Amino acid sequence: MQYLEFSELNISEEKENIEKLPSRAMKRCSFKKPSNTVSSKCDQKLIEDSENLDSYFLQHGNYINCKTSNHTLSKLRVGNHPGIPDPVVLEQFRNSYKPKQSPTLEKLRSKLGTRLFGNWRIYLREGFNILLYGIGSKRHIMEDFRKQYLSKANCIVIPGYDPSTNIKQILNCICHEFLHVADSCKNPTEQLQLIHDLFKKDEAEKSPLFLLLNNIDGPGLRNGKAQAILARLAEIQHIHLVASLDHANMPL
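Here the residue numbers are simple positions, counted from 1 along each chain's written sequence. The model is predicted, so local features are restricted to residues of pLDDT at least 70 and side-chain atom pairs to those at 80 or more, both for listing and for counting; the totals for chains, interfaces and linings are taken over all residues. Water and hydrogen atoms were dropped before computing side-chain values, which therefore reflect all heavy atoms in the structure.

1. Considerations on the pattern of salt bridges
Right, on to step 1. By convention in these notes, a salt bridge is any Lys or Arg side-chain nitrogen within 4 Å of a carboxyl oxygen on Asp or Glu. The final tally for this structure, using the stated rule, is two salt bridges.
Right, on to step 2. The partner of K138 in a salt bridge is D246, with the nearest N and O atoms 3.1 Å apart. Here the residue K138 occupies a position in the loop between β1 (130–133) and α6 (139–149), and D246 occupies one in the segment after β4 (239–245), the gap between them amounting to 108 residues.
Right, on to step 3. For the salt bridge of R146 with E143, the shortest nitrogen-to-oxygen distance reads 2.5 Å. In this pair, R146 and E143 both sit in helix α6, three residues apart, roughly one turn of the helix.
Right, on to step 4. Residue class for R146 comes out partly exposed when judged on its relative accessible area of 24%.
Right, on to step 5. Only protein chains enter the accessibility calculation, which uses a 1.4 Å probe; a residue is then buried when its area is under 20% of its type maximum, exposed when over 50%, and partly exposed in between. Here E143 falls in the partly exposed class, since its relative accessible area comes to 25%. Secondary structure elements follow DSSP: runs of H or I of four or more residues count as helices, runs of E of two or more count as strands, with numbering from the N terminus.

2. Quick word on the sheet that holds strand β3 (residues 209–214)
Right, on to step 1. Note on pairing: DSSP must find at least two bridges between two strands before they are called paired. Reading across the sheet, the four strands line up as β1-β4-β3-β2 and stay open at both edges, with parallel pairing between neighbours. Each edge of the open sheet carries a strand with a single partner, namely β1 and β2 (154–159). Here the average twist between neighbouring strands, direction ignored, is 10 degrees.
Right, on to step 2. In this structure, β2 lies alongside β3, joined through six bridges in parallel fashion. Each axis is a line fitted through C-alpha atoms, taken for helices only over the stretch in contact, and angles between the N-to-C directions span 0 to 180 degrees.

3. A word on the packing of helix α7 (residues 167–178) against helix α9 (residues 224–235)
Right, on to step 1. Direction vectors running N to C along α7 and α9 enclose 30 degrees, while the axes themselves pass 10 Å from each other. Here α7 lies roughly parallel to α9, going by the angle between them. Across from I167, I170, L171 and I174 in α7, the residues of α9 making contact are A226, I229, L230 and L233.
Right, on to step 2. Residue classes in the contact of α7 with α9 are distributed as eight nonpolar, no polar and no charged. These descriptions rest on fixed angle ranges, namely under 35 degrees for roughly parallel, over 145 for roughly antiparallel, 65 to 115 for roughly perpendicular, and the rest for oblique. Working rule for contacts: check all heavy atoms of both residues, and any pair within 4.5 Å makes them a contact. When residue character is reported, Ala, Val, Leu, Ile, Met, Phe, Trp, Tyr, Cys and Pro are called nonpolar, Asp, Glu, Lys and Arg charged, and the others, Gly included, polar.

4. Here we look at α7
Right, on to step 1. Over its 12 residues, α7 extends 16 Å from the first C-alpha to the last, a length consistent with the 16 Å expected when each residue adds 1.5 Å.
Right, on to step 2. The elements touched by buried residues of α7 are β2, α8 (188–199), β3 and α9.
Right, on to step 3. Any pair of N or O atoms that falls within 3.5 Å is considered a polar contact. Within protein, one atom must be able to donate a hydrogen and the other to accept it, and sequence-neighbouring residues count only if both atoms are side-chain atoms. The backbone nitrogen of K168 has a side-chain oxygen 3.2 Å away, supplied by the residue at the start of α7, namely N166.
Right, on to step 4. Count one or two residues on from α7 and you reach H180, which has phi positive near 55 degrees. By definition here, a helix of n residues has an expected span of 1.5 Å times n minus one.

5. Quick notes on the packing of helix α5 (residues 102–125) against α6
Right, on to step 1. Between α5 and α6, the shortest axis-to-axis distance is 10 Å and the interhelical angle comes to 65 degrees. Of the two possible hands of crossing, α5 and α6 adopt the one that is right-handed. Contacts between α5 and α6 involve R109, L112, F117, G118, W120, R121 and L124 from the first element and H140, I141, D144, F145, Q148 and Y149 from the second.
Right, on to step 2. Looking at the contact of α5 with α6 residue by residue, the class counts come to seven nonpolar, three polar and three charged. The hand of a helix crossing depends on one turn: near helix anticlockwise from the far one by less than a right angle means left-handed, and clockwise means right-handed.

6. Observations regarding unusual backbone geometry
Right, on to step 1. Even without a glycine there, the phi angle at H180 is positive, about 55 degrees.
Right, on to step 2. Looking at the element boundaries, H180 is found in the loop between α7 and α8.
Right, on to step 3. You can call H180 exposed: its relative accessible area is 62%.
Right, on to step 4. Phi angles above zero are rare outside glycine, and N215 is one such case at about 70 degrees.
Right, on to step 5. On the secondary structure map, N215 appears in the loop between β3 and α9.
Right, on to step 6. Using a relative accessible area of 10% as the deciding quantity, one classes N215 as buried.

7. Structural notes on the packing of aromatic side chains
The geometry of an aromatic ring pair is captured by the separation of the ring centres together with the interplanar angle, meaning the angle of the planes.
Right, on to step 1. Aromatic pairs are defined between Phe, Tyr and Trp rings, using the six-membered ring for Trp, whenever the two ring centres lie within 6.5 Å; interplanar angles under 30 degrees are classed as stacked, those over 60 as edge-to-face, and all others as tilted. Counted according to the given criterion, the structure contains six aromatic pairs.
Right, on to step 2. Geometrically, the ring pair formed by F117 and W120 is tilted, given 5.2 Å between the ring centres and 55 degrees between the ring planes. With F117 and W120 both in helix α5 and three residues apart, this pair spans about one turn of that helix. Comparing F117 with W120 shows no difference in burial state: the two are buried.
Right, on to step 3. An aromatic cluster is built from F117, W120, F145 and Y149, whose rings are joined through pairwise contacts.

8. Looking at the nonpolar core
Right, on to step 1. The nonpolar core is taken to be a set of buried Ala, Val, Leu, Ile, Met, Phe, Trp, Tyr and Cys residues, with the residues joined through side-chain atoms within 4.5 Å. Among the nonpolar cores identified, the biggest contains 27 residues, and I195, L211 and L233 are the most heavily contacted of them.
Right, on to step 2. Those elements giving two or more residues to this core turn out to be β2, α7, α8, β3, α9 and β4.
Right, on to step 3. For this core, the element with the most residues is α7, which contributes six residues.
Right, on to step 4. Once you skip the residues sitting within four places of it in the chain, I195 turns out to touch L171, I174, C175, L179, L233, I236 and I239.
Right, on to step 5. One finds L132, F145, L212 and V242 within the second-largest nonpolar core, a separate group that totals 12 residues.

Just geometry here; none of it tells us what the structure is for.
Given below as structure tokens:
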């Protein structure tokens with residue numbers, strides 16, 4: 001018995017087919033061996049390009065004589081003035097400055113609040129949460145809602161737009177400032193479970209908690225863990241969430 005691999009069988013068949021080809025076909029099947037030599041013109045062009053490249057970097061690569069700009073912050077100083085505005089003066093200016101369109105915006109916000117705030121209160125009472133999105137700041141309208149309808153309620157305003165705000169601070173604020181519980185929880189998961197257990201009691205119906213979160217997609221709250229904990233907080237029966245988001249792609 002003869003044993004042949006597929007590679008050996010293919011080679012033998014090719015040899016037989018080649019032997020059967022006529023001489024004219026053999027001439028057609030012959031290929032010209034490529035030349036390994038490079039013409040002198042190509043060599044000369046390559047050398048010239050290399051020399052030009054080297055000369056360019058030699059000409060422009062010397063940083064010893066380079067001059068840097070002398071426009072520094074020290075030039076802003078006049079006498080004993082540090083050159084930057086005083087924080088107190090800057091805050092006073094920000095509080096006193098009002099754009100020309102401020103009266104018009106305040107009227108529109110007042111009309112919008114009168115039309116929507118009553119419905120918001122019903123939605124929250126029925127167990128829904130409110131999420132505001134769109135162009136422009138929603139902080140003022142949320143503050144108006146707090147002053148008109150939540151002035152006597154348990155309410156926590158969270159500045160989510162602050163980069164230092166994180167989910168741990170929110171849970172600590174609820175546990176320490178509102179529930180007044182001891183530091184018995186070791187991690188956010190235990191804090192969340194404690195909040196859930198306390199608010200599911202019937203006594204919590206008399207004193208619900210309202211969370212007003214400005215910018216729920218803030219820098220410190222964009223991660224998956226923070227969003228999952230916020231979703232769990234929104235599911236708790238006697239915790240009501242009113243939040244805003246500012247990222248353009250967040251509604252998608």
